[in-house]
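Structural features, examined
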Amino acid sequence: MFEPPARVPTSAPEAAQRLLNGNVRAVLFDLDGTLADTAPDLVAAVNKVRTDRGLPPGPYETLRLQASHGARGLIGSAFGIGPDDAAFPSLRDAFLANYEAALCVQSHLFDGVPALLAALAERGMPWGIVTNKAARLTNPLVKLLGLADGAACVVSGDTTPHSKPHPAPLLYAAECIGVAPTQIVYVGDDLRDIQAGKAAGMATVAAAYGYCGDTLAPAQWQADAVVERAGAIAPLVMSQA
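Now for a look at the structure at hand. As the structure is a computational prediction, the values presented were derived from the model and not from experiment.

1. Here's the deal with the overall build of the chain
Helix and strand counts for the chain stand at ten helices and eight strands. Taken against the 2.2 N^0.38 rule, which gives 18 Å for 241 residues, the C-alpha radius of gyration of the chain at 17 Å falls within 12% of a compact globule. With respect to the principal axes defined by its C-alpha atoms, the chain has extents near 60 × 40 × 35 Å. Per-residue burial for the chain yields a buried fraction of 51% across its 241 residues. Surface accessibility of the chain: about 10,400 Å² in total, with carbon and sulfur atoms responsible for 54%.

2. A look at the packing of aromatic side chains
The geometry of an aromatic ring pair comes down to the distance between the two centres and the angle between the two planes. Counted by the stated rule, this structure contains four aromatic pairs. Centre to centre, the rings of F29 and W127 are 6.4 Å apart; their planes meet at 70°, and the pair counts as edge-to-face. Here the residue F29 occupies a position in strand β1 (residues 26-29), and W127 occupies one in strand β4 (residues 127-130), the gap between them amounting to 98 residues. Classification of W127 as buried rests on a relative accessible area of 6%. Relative to Y209, the ring of F110 lies with its centre 5.2 Å away and its plane at 70°, an arrangement referred to as edge-to-face. Of this pair, F110 sits in the loop between β3 (108-109) and α6 (113-123) while Y209 sits in the loop between β7 (203-207) and β8 (225-227), and the two are 99 residues apart along the sequence. Y209 carries the same exposure label as F110, and that label is buried.

3. Thoughts on α6
Three or more residues of α6 are buried, namely V113, L116, L117 and L120. For α6, the arc enclosing every buried residue in end-on projection is 95°, short of the 170-degree limit, so these residues lie on one face. What points out from α6, more than 90 degrees from its buried face, is the exposed set A115 and E122. Turning to α6, the residues buried within the fold contact β1, β3, β4 and α10 (233-237). G124 sits one or two residues past α6 and shows a positive phi near 75°.

4. Quick word on the pattern of salt bridges
All told, the structure shown has eight salt bridges when counted by the stated rule. Notably, a salt bridge pairs D190 with R192, separated by 3.8 Å at the nearest N-O pair. Accessibility classification places D190 together with R192 in one group, the buried group. Look at the salt bridges and you will find they share partners, linking D30, K164 and D193 into a network.

5. Some points on the environment of L74
Mapped onto the secondary structure, L74 falls in helix α4 (residues 70-79). Distance from L74 to A45, taken between C-alpha atoms, is 9.5 Å for residues 29 residues apart in sequence. With sequence-adjacent residues up to four places away left out, L74 is seen in contact with L42, V46, L63, Q66, A67 and F95.

6. Topic: the packing of helix α2 (residues 39-52) against α4
It is the contact of α2 with α4, at a shortest axis distance of 10 Å, that shows an interaxial angle of 45°. Taken together, the axis directions place α2 and α4 in an arrangement best described as oblique. The way α2 lies across α4 gives a crossing that is right-handed. The segment α2 lies against α4, with L42, V46, V49 and R50 engaging L74, I75, A78 and F79.

7. So, the sheet that holds β8
Working definition: the strands of a sheet are paired by backbone hydrogen bonds and lie parallel or antiparallel to each other. Strand order across the open sheet formed by six strands is β5-β4-β1-β6-β7-β8, with parallel pairing between neighbours. Looking at strand neighbours, the two that pair on one side only are β5 (154-155) and β8, the edges of this open sheet. One ladder, built from two bridges, connects β4 with β5; its direction is parallel. Directly across from V130, in β5, lies its bridge partner V155. Packed onto the sheet, helix α8 (residues 168-177) meets β1, β4, β5 and β6 (184-188) and runs at close to 140° relative to β1.

8. Thoughts on α8
For α8, the set of buried residues is A168, P169, L170, A173, A174 and I177. The inward-facing, buried residues of α8 abut β1, β4, β5, β6 and α9 (191-199). Two residues or fewer after α8 comes G178, characterised by a positive phi angle close to 70°.

Thresholds applied
- Residues numbered from 1 in each chain as written.
- Predicted model: local features only at pLDDT ≥ 70, side-chain atom pairs only at ≥ 80, totals over all residues.
- Heavy atoms only, no water.
- Helix = DSSP H or I, 4+ residues; strand = E, 2+ residues; numbered from the N terminus.
- Rg over C-alpha atoms; globule rule 2.2 N^0.38 Å.
- Buried < 20%, exposed > 50% of the residue type's maximum accessible area, 1.4 Å probe, protein only.
- Areas by Shrake-Rupley, 256 points an atom, 1.4 Å probe, with all protein chains shown as cover.
- Phe/Tyr/Trp six-rings, centres within 6.5 Å; stacked < 30°, edge-to-face > 60°.
- Arc of directions from axis to C-beta.
- Contact = heavy atoms within 4.5 Å.
- Salt bridge = Lys/Arg side-chain N within 4 Å of Asp/Glu carboxyl O.
- Axes fitted to C-alpha atoms, helices over the stretch in contact; angles between N-to-C directions.
- Parallel < 35°, antiparallel > 145°, perpendicular 65-115°, else oblique.
- Left-handed = near helix turned anticlockwise from the far one by under 90°.
- Pairing = 2+ DSSP bridges.

On their own, these measurements won't tell you what the molecule is for.
And the structure:
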């Protein structure tokens, strides 16, 4: 199947040149909305919170946009409240309990991801996962999705004292896999992924096929490249000068 080429900003910074000149030695990925389409189960979990309280389910397409933002984004969209609201903790806890009980019912890898990961493995290029999802959810989900054996590292939102957009999780991942940050590409479907990657000194790729939120479009994130399909990532990161 034809994959549209990655879009690279015309004023590509040094990181993009490294990416395009074959200086990539490893690839790190966000999980939700980048490697896996987990929105069906996340939206089901927050909608169960609504229906348990006598409310109709929220619209899937609206809630899906918040799937990369975890409890804060999904509760905020489903109930119109923020973390400072007195009702937020109980709604969050109910959402997380629902999600943990049905973690991987409809979740699946995006089209093109299995072939992408196989291509990286064939090239001997390590790949890993850096997500803001808590480890108690990340680790079983990664296993259920069939990613655990291939990942060189799995870094969760509570693995380091900081979560994205702070660069600490990405720098920790780089240390785990033994590759310099300047030789790593980070792929994510949220602005904070690109911010974290840049702060860590990595080249960045925006996954425009993911959730991407409802504010700035991926083309405005200042990523080094934007891909419309997961299948476009392999030729980009494995290109040679």
